[in-house]
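# Structural characterization, general
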Amino acid sequence: MLRLPPFVWRVALMSVLLLITAMLLPAQQRGKASYYSRRANGARTSSGVRLNNDSLVCAHRTYAFGTLLDVKNPANGKQVVVKVIDRGPHTRGRVIDLSYEAARQLGILAAGVALVEVSVHEELNVPFKSKEPHHTELDLELPAGNEDFGLKPEWQRDMEKKKNEAKQHDTKSQQHTDSKAGNTNKNNHSGKKR
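Note that the structure is a prediction, hence the values are computed from the model and not measured.

### Here's the deal with the sheet that holds strand β2 (residues 57-60)
Reading around the circumference, β1-β5-β2-β4-β3-β6 is the order of the six strands in this closed barrel, with mixed pairing throughout. Averaged over neighbouring strand pairs, the angle between their axes works out to 45° when direction is ignored.

Structure representation (structure tokens):
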């Protein structure tokens, strides 16, 4: 059996505990944030989207394009949700580059660079949206009988109307001939009885 020194076991145990702790804690970064210059308005970003100073967007090194991030300025407590559309920042020691509007809402325009906390935005909160899903039940029934609710073309309705009139005329004619035949049969039967 292979016998390892005790410090190797300690290092292995600490690595496993650190890995488990990292997986259980929510991913949150702390670091410096800067913002795009106003002159960068209209510049094409790494995702292909053009930068707009009035949008709440950012650049991040690792998060996928389209990821929503919560950025909080711990100095004043302000928070903003931004969307990742670019790669960066390319300056050492910085975590995120914000759009001009996001930096304005966080209150870091005057400072230029500020300490922020970045985490993945978990839930999209829609104002005034009820928590309970509202499902309307639709009562979809097929038209009964000859009702078509205006779904058939006019020429098809005219043809069916003519066919129905012809059938009604035929049944009336048949009933008329049957009634005449019935009268003659009654006459014949009544004549035989006499």
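### Quick word on the packing of aromatic side chains
Inspection of every chain in the model, using the stated rule, returns one aromatic pair. With a centroid separation of 5.9 Å and 75° between ring planes, the pair formed by Y35 and Y100 is classed as edge-to-face. Note that Y35 is positioned in strand β1 (residues 28-35) and Y100 in helix α2 (residues 100-106), a separation of 65 residues in sequence. Residue placement shows R38 over the ring face of Y100; its charged tip is 4.4 Å from the ring centre. Looking at R87, its charged tip hangs above the ring of F65, at a distance of 4.3 Å from the centre.

### Quick notes on the pattern of salt bridges
Between side chains of opposite charge, a pair can form when the charged atoms approach closely. Scanning all chains against the criterion turns up two salt bridges. In this structure, E117 engages R30 in a salt bridge whose closest nitrogen and oxygen atoms are separated by 2.4 Å. Pair noted here: E117 is in strand β6 (residues 114-120) and R30 is in strand β1, with a separation of 87 residues, a long-range link. Where E101 meets R104, a salt bridge forms, and the shortest distance between an N and an O atom there is 2.5 Å. Separated by three residues within a single helix, E101 and R104 lie in helix α2, roughly one turn from each other.

Rules and cut-offs
Residues numbered from 1 in each chain as written. Predicted model: local features only at pLDDT ≥ 70, side-chain atom pairs only at ≥ 80, totals over all residues. Heavy atoms only, no water. Pairing = 2+ DSSP bridges. Helix = DSSP H or I, 4+ residues; strand = E, 2+ residues; numbered from the N terminus. Axes fitted to C-alpha atoms, helices over the stretch in contact; angles between N-to-C directions. Phe/Tyr/Trp six-rings, centres within 6.5 Å; stacked < 30°, edge-to-face > 60°. Lys NZ or Arg CZ within 6 Å of the ring centre and 35° of its normal. Salt bridge = Lys/Arg side-chain N within 4 Å of Asp/Glu carboxyl O.

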